[in-house]
Amino acid sequence: MQQRDIIKDEIERLGRVLGKLITLVTGSPGGDMNLEARLKEVQDRLRNDLGLEPDDLLQLSREDLISKLDDLQLQPNHLYQLGDFLVTWAYEEKRVATKIVLYQRALLLYDLAGERSGVYSMQRAEHEQLIKKELARIS
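For every chain, the first residue of the written sequence is number 1, and numbering continues from 1 along that sequence. Two thresholds apply to this predicted model, a pLDDT of at least 70 for residue-level local features and 80 or more for giving and counting side-chain atom pairs, whereas whole-chain, interface and lining totals are computed over all residues. With hydrogens and water set aside, each side-chain value is computed from the structure's full complement of heavy atoms.

Caption draft 1: Molecular detail of the packing of helix α5 (residues 76-92) against helix α7 (residues 122-138). Only C-alpha atoms enter the line fits that serve as axes; for helices the fit covers just the stretch in contact. Angles between N-to-C directions range over 0 to 180 degrees. Starting at the N terminus, helices and strands are each numbered in turn, a helix being any DSSP run of H or I of at least four residues and a strand any DSSP run of E of at least two. Axis separation between α5 and α7 bottoms out at 12 Å; the angle between their running directions is 25 degrees. Regarding the angle of α5 to α7, the classification is roughly parallel. Relative to α7, α5 is oriented so that their crossing is left-handed. Taking contact as the criterion, the partners of Y80, D84 and V87 in α5 are, on α7, Q123, R124, H127 and I131. The residue makeup of the contact of α5 with α7, split by class, is three nonpolar, two polar and two charged. In these notes the angle categories are as follows: under 35 degrees is roughly parallel, over 145 is roughly antiparallel, 65 to 115 is roughly perpendicular, and the rest is oblique. For any pair of crossing helices, the crossing counts as left-handed if the nearer helix is rotated counterclockwise from the farther one by less than a right angle, and right-handed if it is rotated clockwise. We call two residues in contact when some of their heavy atoms are within 4.5 Å. In this classification, the charged set is Asp, Glu, Lys and Arg, the nonpolar set is Ala, Val, Leu, Ile, Met, Phe, Trp, Tyr, Cys and Pro, and all remaining amino acids, among them Gly, are polar.

Caption draft 2: Looking closely at helix α6 (residues 96-117). A rise of 1.5 Å per residue sets the reference length of α6, with its 22 residues, at 32 Å; its end C-alpha atoms lie 31 Å apart and thus fit the reference within 8%. At the exit of α6 stands G118, carrying a positive phi of roughly 75 degrees. One fewer than the residue count of a helix, multiplied by 1.5 Å, yields its expected span.

Caption draft 3: Unusual backbone geometry, seen in detail. One non-glycine residue, Q73, lies in positive phi territory at about 55 degrees. For Q73, the position within the fold is in the loop between α4 (62-72) and α5.

Caption draft 4: Local environment of the packing of α6 against α7. Remark: α6 packs on α7, axes separated minimally by 10 Å, with the N-to-C direction vectors making an angle of 160 degrees. When the axes of α6 and α7 are compared, the pair comes out roughly antiparallel. In terms of crossing hand, the pair formed by α6 and α7 is left-handed. In this structure, α6 contributes V96, K99, I100, Y103, Q104, A106, L107, Y110, D111, A113, G114 and S117 to the contact, and α7 contributes R124, H127, E128, I131, K132, E134, L135 and I138. For the contact of α6 with α7, the residue count by class is ten nonpolar, four polar and six charged.

Caption draft 5: The arrangement of the pattern of salt bridges in detail. Any Lys or Arg side-chain nitrogen found within 4 Å of a carboxyl oxygen on Asp or Glu counts as a salt bridge. With the rule as written, the count across this model stands at six salt bridges. The partner of R47 in a salt bridge is D44, and the shortest N-O contact between them spans 3.1 Å. Of the two residues, R47 and D44 both sit in helix α2 (residues 35-50), three residues apart, roughly one turn of that helix. Summary of the burial criterion: residues with accessible area below 20% of their type's maximum are buried, those above 50% are exposed, and those between are partly exposed, where the area comes from a 1.4 Å probe applied to protein chains only. Given the relative accessible area of 33%, R47 is considered partly exposed. E93 serves as the salt-bridge partner of R95, at 2.8 Å between the closest nitrogen and oxygen. A network of salt bridges, in which partner residues are shared, links K40, D44, R47 and E53.

Everything listed here is a matter of coordinates, which is why it stays silent on function.
See below:
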């Protein structure tokens, strides 16, 4: 019973961390922080709070990234939130090549969330379609 409470607490903590990352990238709590400062803060939080290197999200092969995410034991809802974070980051990103990779990785995370949850989500499908349209536009 106590182990289940610890796991539940950890899942809730990860959800809060991912939510904070999204609001930070959008500038909501950033106040007068410019985009570069907000992205640096987000990258630091990814590293410190989740144990995930930002470069891993961009540079690891698909298989290595999946393995890394498995090591972190992220739940499907966390994968979905991380995908939302990458979409938000891509929206703010100025470099087209990085923007493309971020969108592609978000699609991967949405796919993983769907596979692991075993649930088809209309909202996730809509997000995927919007990303695919944006990728077609910028490619």
